[in-house]
Amino acid sequence: MGNFRRLAGNKQGKTVYVRFRLPYYTHWGQSLLVCGSEPVLGSWDVKKGQLLRPVHRGDELIWSGVVAVPGGFGCEYSYYVVDDDKKVLRWEAGKKRKLSLPEGIEHGEVVEVHDLWQTGSDAVPFTSAFKNVIFRGTCTLDIERPLGIIQNTSNAEDSIIVHFKVCNPNIDKDTSVYVIGHPLKLGKWKVQDGLKLDYAGEYCKYGKNGKLSVETGFRELSMDSSNGPPKYIFVSDGMLKEPPWRGAGVSIPMFSVRTDSDLGVGEFLDLKLLVDWSVQSGLHLIQLLPINDTSVHKMWWDSYPYSSLSVFALHPLYLRVQALSSNIPEEVEQEIMKAKDQLDGKDVDYEATMAMKLSIAQKIFSLEKDLILNSSSFQKFFSENEDWLKPYAAFCFLRDFFETSDHSQWGRFSLYSKDKLDKLVAKDSIHYDIICFHYYIQYHLHLQLFEAAEYARKNRVVLKGDLPIGVDRNSVDTWVYPNLFRMNTSTGAPPDYFDKNGQNWGFPTYNWEEMSKDNYAWWRARLSQMAKYFTAYRIDHILGFFRIWELPEHAVTGLVGKFRPSIPLSQEELEREGIWDFDHLCRPYIRQEFLQDKFGSSWTFIASNFLNEYQKQRYEYFLRTVFSSICSMPLFPLWLIINGRFKEECNTEKKIVSKLRSCTERSLLLESEDKIRRGLFDLLQNIVLIRDPEDARKFYPRFNIEDSSSFKDLDDHSKNVLKRLYYDYYFHRQEDLWRLNALKTLPVLLNSSDMLACGEDLGLVPSCVHPVMQELGLIGLRIQRMPNEPGLEFGIPSQYSYMTVCAPSCHDCSTMRAWWEEDEERRRRFFKTLVGSDELPPSQCTPEIAEFILQEHVEAPSMWAIFPLQDFLALKKEYTTRPAKEETINDPTNPKHYWRYRVHVTLESLLWDKEIKTTIRELVHSSGRSCPSVGETEAMIGEKQPTAVIHEKSPSAVQLNGASEKETVAV
């Protein structure tokens, strides 16, 4: 900014007029303004920015405005969409624009700036995934002419100097960019006579003497001379119009990787072999599940990778103990070799693997702790990470000391404070070695992951991480920052494709109001930490940044929740509609026939143990008289209903679970405990409205309201009113609120790093989600069996939009092979819809079927086609001997699922398998997707991984613009 201020003051007495011009369609009540770094443009105060005026020109709505500035003026600026009060409704994505007036502009002359609105997708090529990985080495051009330097070689008084600017982040050395057009100065459409652009830095081309690069379509240049013709026109033409870049990748949980070197589980250093295999298979991306420490319970429950103990610490599970030291004692080496044999099972043995790795690491630590802890490398790591590292180490110590992660059970340490922390981690404390051991583990995890991440970058492979939506309620983060969480609530998802009863993940929901006070510093720190290793990331359950499905802490299932934030139904609103019996609508509706239907001959046992006193077919009978004067309906006779109320000790789902476990008469039940529990849950959930626990006059309609018998037994008037209000609550009244909520939080995440951001937008998707994602440049997810389009059973990959990741399956559902084989009728419908054949499809997912489905996806317009490794293995028969169901990573319907899947073939074996690599690479290459160059990795494998040497030739890489070195192409 110092340079701009200097330029603004060096030509006093000379006034130049800058006319901003931008085509943009707005809605009624919206305007465009330009705001920038200098006072004339508001000094970044949008309220003081320069409003533009609209003019219709043909099919375009052109916004323009003029400001007077001194000669030599320079600034940064952006465009904003505002309402009549100059409240910002939308802003441009990407970097701030720069304006630097050239030398030689005379007093009173007009400079016209032609801009295009910068969308979120325009910024994608400048993320680290492209800039530092995929286009690595292509953007190291020397600056030919600095920004703001323009040579005026025209002597004609009526001439206009046009300054062209276009962005292309993937430009090879010795390749040029030209402007060609109809005028003689632009070569009469001949490239050799066109205008060559000079490179001015920041991945853009500027110029005066020529241009090079092939575009699709044409551009038009016109000017506004109504207020006098401009002397200079700066044309910012956005991105070069090329065929969009497309690539492919592989997804696999870190724990699922299998190599000859691992100790019972995939390890960070194994990623180097996966990079080699990906490059040779034509894949530009590796996607992982979360890799943060989840050691909350110190048992297999911790295999759930989305329940973080710390959002900053890495998981010790992925440590390679052999790499901790070059001087490991022989007896420890023998222990490692023995452990390799013991842990080399079909699936991950989480508890045994963790115990073994920590035991071995402790022995090595005790031998060389002083050497490591006093090293400059460790000291640098510690100083950069101590803000989270100290609380993490202290938490781990207290967890083990108190034998629980529930910090409410830690006595005086239950409430975190900086003073207590300093004493816990002090060097003179008797447990300092334990604290340092946790430092030591995190240090080596950092080194190993960083080494693998750098290897991926050098080989032009994007490493994509996963940002979980929640943290465990017994975590370092809830201990240190309790004000950032609503600890009396739980996070989940309403009923959807994954589970008809909804999902309850158990995480506390966020206190967004509190988080906003420091501009979401906790989130910004998370993203900065991730960016040390990853160049792309997946935002888990991105819908949660619009609204989260919030459940009471005592819930077990995910059905009886509400969205937060949301606009509830008020008591006044309901009463105006003739709804008044809130006691009935909010209580479980229980009739004797319901009990008999669900529990059979055990119904009396259930009634006496779980409901209030049973007497004469009655559970707290009450009378309800319906008068025509209230409902404007015919007079009904006085009638009785049974409305049971659960006993105090079992009136929540968690209490029911506890009661069933402690029930001494369980042996008398004829039904299974699971069926009894499900039946009781159904009774408890048989309500119409949920009363707000913080405001008794606010209500939320229960999800799938029409499925409840409580609703079915209402009169027609009440049904119609409640149905209308239900659809209004879930699908209409919240849209503006949720859009604004996302626009408060998501830009903060996106601006916290330069990683490529992708959002997992599956489930019940509000209509505001996709426009916001498009506006922010977020890449969505398309799973074929879960189409976003209404009325479709299967997604059609050829119709996906560019800003998406497409895949036939993901970690939260069965693999492509298992899905194909588990439902014959669905398989027939899929075959008829996608293949267009009425023939009976094969019952097994043969390699031919797998190739057809994969080919559909690689040929899709989506920017990325990312396939689970299991789906790639289905391309070869010898890799399909394992039962397909065993390849499923997660079962979302089971909250205690054991995440333990391991690939049944080693990466070394896959590296040797030329056939499958060639099949995958040809699929990717023939679809027009980019493939990484093979040569470098083969050389590296030859030097470092002798067992993985592959001697083969592969197709050359596909360039973004299809231009090889020294090739001239036209725009």
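Refer to the preceding data block for the structure.
Just so you know, these numbers come straight off a predicted model, no measurement behind them. (Residues numbered from 1 in each chain as written. Predicted model: local features only at pLDDT ≥ 70, side-chain atom pairs only at ≥ 80, totals over all residues. Heavy atoms only, no water.)

Undergrad: What am I meant to see in the side chain of Asp-270 here?
TA: With respect to the helices and strands, Asp-270 occurs in the loop between strand 15 (247–251) and helix 3 (271–280). Using a relative accessible area of 2% as the deciding quantity, one classes Asp-270 as buried. At 2.2 Å, the side chain of Asp-270 forms a polar contact with the side chain of Arg-320. Ignoring anything within four residues of it in the chain, the contact list for Asp-270 reads Val-257, Thr-259, Asp-262, Val-265, Arg-320 and Leu-907. (Helix = DSSP H or I, 4+ residues; strand = E, 2+ residues; numbered from the N terminus. Buried < 20%, exposed > 50% of the residue type's maximum accessible area, 1.4 Å probe, protein only. Polar contact = N/O pair within 3.5 Å; in protein donor to acceptor, adjacent residues only side chain to side chain. Contact = heavy atoms within 4.5 Å.)

Undergrad: What is the right way to look at the sheet that holds strand 16 (residues 285–287) in this model?
TA: Adjacent strands of a sheet form backbone hydrogen bonds with each other and so pair up, either parallel or antiparallel. Taken together, the eight strands give an open sheet; going across it, the order is 30-22-17-16-15-33-32-31, and neighbouring strands pair in parallel fashion. Of all the strands in the sheet, the pair left with one neighbour each is strand 30 (756–759) and strand 31 (780–783). Here the average twist between neighbouring strands, direction ignored, is 25 degrees. Those strands touched by helix 21 (residues 735–751) are strand 17 (462–467), strand 22 (536–539) and strand 30, and its axis lies near 160 degrees from that of strand 22. (Pairing = 2+ DSSP bridges. Axes fitted to C-alpha atoms, helices over the stretch in contact; angles between N-to-C directions.)

Undergrad: Help me understand the packing of helix 14 (residues 592–599) against helix 15 (residues 603–610) in this model?
TA: Packed helices, taken two at a time, are described by the angle their axes make and the gap between the axes. Helix 15 packs onto helix 14 with a crossing angle of 120 degrees between their chain directions and a minimal axis gap of 8 Å. Taken as axis vectors, helix 14 and helix 15 run oblique relative to one another. Crossing geometry of helix 14 relative to helix 15 is assigned as right-handed. Seen from helix 14, the contacting residues are Gln-592, Leu-595, Gln-596 and Phe-599; seen from helix 15, they are Trp-603, Ile-606 and Ala-607. Here the residues of the contact of helix 14 with helix 15 sort into five nonpolar, two polar and no charged. (Parallel < 35°, antiparallel > 145°, perpendicular 65-115°, else oblique. Left-handed = near helix turned anticlockwise from the far one by under 90°. Nonpolar A, V, L, I, M, F, W, Y, C, P; charged D, E, K, R; others polar.)

Undergrad: Help me understand the pairing of strand 5 (residues 60–70) in this model?
TA: Every regular strand shows the same layout, with side chains that alternate between the two sheet faces. The pairing of strand 1 (residues 15–23) with strand 5 spans nine bridges and is classified as antiparallel. Residue pairing for strand 5: Arg-21 is matched across the bridge by Ser-64. With five bridges joining them, strand 4 (residues 53–57) and strand 5 adopt antiparallel strand pairing. Note that in strand 5 the partner of Pro-54 across the bridge is Trp-63. Counting the residues between successive antiparallel strands, the hairpin from strand 4 to strand 5 contains two residues, one of them, Gly-58, with a positive phi of roughly 65 degrees.

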